[in-house]
Amino acid sequence: MTFFLSLLFCLILLLIFFDIACTLAFLERKITDLAFCFDKRLESIILPSTVTAILHRAFLGCINLKYIKIPNSVTEISHEAFKDCKSLERIKLPEKLHNLGERVFENCENLKTVIMPKEVLNTNNGLFINCKSLQNIELSESWKVLRRHTFTNCDSLKKIILPEKMQGLDDMCIVNCKNLEEVVLPNKINVIHNDVIHNCPNLKRITWRDTIYTTQKAINQAIVDSDKGFIGSSIWT
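In this text, all values refer to a predicted model and were calculated from it rather than measured experimentally.

Details of the overall build of the chain
Part 1: Helix and strand content of the chain: two helices and 19 strands.
Part 2: Taking all 237 residues of the chain together, the buried fraction comes to 45%.
Part 3: Counted over contacts in the chain with a minimum sequence separation of 6, partners at least 24 positions apart contribute 26%.
Part 4: Per element, the accessible surface of the chain, about 12200 Å² overall, is 53% carbon and sulfur.

Structure follows, in structure tokens:
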């Protein structure tokens, strides 16, 4: 009997400690590293307007998280903040957001809709890797560079329109998107690497400078013949 009472007491202390830790995460102006990671109880959360940053892996592995409201006070979301949040279906990013870390939404396999603000200035690799249900996304107007593996294994994505102010495309930005049919490139882009779009078997057309290209050879030759000093010569492979 004493053993079971001791075990129960330890469990109660553990729960109290967890709740205190969560409370402390809110007392600062940042959701701290690993603050809610692997919390299977968490299904929805509304962050207070005092929060300015969501740090590394803050919600990693919250597999039952379906809803989160992020206040417009948040300017930074760090690496893998929502990785493996497999129940998350929709997210609206705050209007003042400036920085998105690596693999923020990796393996969010039920994420269908992402609403981005107009002024995201910095993003990193693998933002939507393995977001197999992603269908609707309007990229921020100020997004400057599309990083490696931004869209990888996004099986439900059919069309990607890149913003006109985008200046660069890294290699392997759009990879293994098996139902992707169309990509619209910005007309005044300055830097294009090799293999920007790779292994997208149903891709039918790429639009660039008001011209529609329907074959790999045609768009790759257009890049070579361009007056821009592009790094790559094979954008679509």
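Side note on the pattern of salt bridges
Part 1: A full pass over the atoms with the stated rule returns twelve salt bridges.
Part 2: A salt bridge links Arg-147 to Asp-170; its shortest N-O distance comes to 3.5 Å. Residue Arg-147 is found in the loop between strand S10 (145–146) and strand S11 (151–152), and its partner Asp-170 is found in the loop between strand S13 (168–169) and strand S14 (174–175); the two are separated by 23 residues along the sequence.
Part 3: Assessed through its relative accessible area of 31%, Arg-147 is described here as partly exposed.
Part 4: Judged by its relative accessible area of 15%, Asp-170 is buried.
Part 5: By sharing partners, the salt bridges in this structure join Arg-57, Glu-80, Lys-83, Arg-103 and Glu-106 into a single network.

Brief notes about the environment of Pro-186
Part 1: The residue Pro-186 is located in the loop between strand S15 (182–184) and strand S16 (191–192) in this model.
Part 2: Residue classification places Pro-186 among the buried residues on the basis of a relative accessible area of 0%.
Part 3: With 24 residues separating them along the chain, Pro-186 and Leu-162 place their C-alpha atoms 6.0 Å apart.
Part 4: Setting aside residues no more than four positions away along its own chain, Pro-186 makes contact with Leu-162, Pro-163, Glu-164, Met-166 and Trp-208.

A closer look at the sheet that holds S11
Part 1: As summarised here, the arrangement of the three strands in space is S11-S14-S17, forming an open sheet in which the pairing is parallel. What marks the edges here is a single partner per strand, and that holds for S11 and strand S17 (197–198).
Part 2: Looking at chain direction, S11 and S14 are connected through two bridges and run parallel. Bridge pairing in S14 places Phe-151 opposite Ile-174.

A short note on the packing of aromatic side chains
Part 1: Applying the stated criterion to the full structure yields five aromatic pairs.
Part 2: Judged by centre distance (5.6 Å) and plane angle (5°), the ring pair of Phe-105 and Phe-128 falls under stacked. On the criterion of sequence distance, the pair formed by Phe-105 in the loop between strand S7 (99–100) and strand S8 (113–115) and Phe-128 in the loop between S8 and strand S9 (136–138) is long-range, its members being 23 residues apart.
Part 3: Phe-128 gets classed as buried once you look at its relative accessible area, which sits at 0%.
Part 4: Taking the centre distance of 5.7 Å and the plane angle of 15° together, the rings of Phe-128 and Phe-151 count as stacked. One end of the pair, Phe-128, is in the loop between S8 and S9; the other, Phe-151, is in strand S11, and 23 residues separate them in sequence.
Part 5: Classification of Phe-151 by relative accessible area gives buried; the value is 0%.

Some words on the sheet that holds S10
Part 1: Sheet architecture is open: three strands sit in the order S10-S13-S16, paired in parallel fashion. Only two strands of the sheet have a single neighbouring strand rather than two, namely S10 and S16.

Points about the confidence of the model for the chain
The predicted coordinates of low-pLDDT regions are not to be read in fine detail.
Part 1: On average, the chain scores 87 in pLDDT, and the residues at 70 or more come to 85%.
Part 2: Overall, residues 7–27 carries pLDDT values under 50, and its contacts beyond four positions in sequence, including any with other chains, amount to 16 contacts.

Reading the values: rules and limits
- Residues numbered from 1 in each chain as written.
- Predicted model: local features only at pLDDT ≥ 70, side-chain atom pairs only at ≥ 80, totals over all residues.
- Heavy atoms only, no water.
- Helix = DSSP H or I, 4+ residues; strand = E, 2+ residues; numbered from the N terminus.
- Buried < 20%, exposed > 50% of the residue type's maximum accessible area, 1.4 Å probe, protein only.
- Contact = heavy atoms within 4.5 Å.
- Areas by Shrake-Rupley, 256 points an atom, 1.4 Å probe, with all protein chains shown as cover.
- Salt bridge = Lys/Arg side-chain N within 4 Å of Asp/Glu carboxyl O.
- Pairing = 2+ DSSP bridges.
- Phe/Tyr/Trp six-rings, centres within 6.5 Å; stacked < 30°, edge-to-face > 60°.
- pLDDT = per-residue confidence, 0-100.

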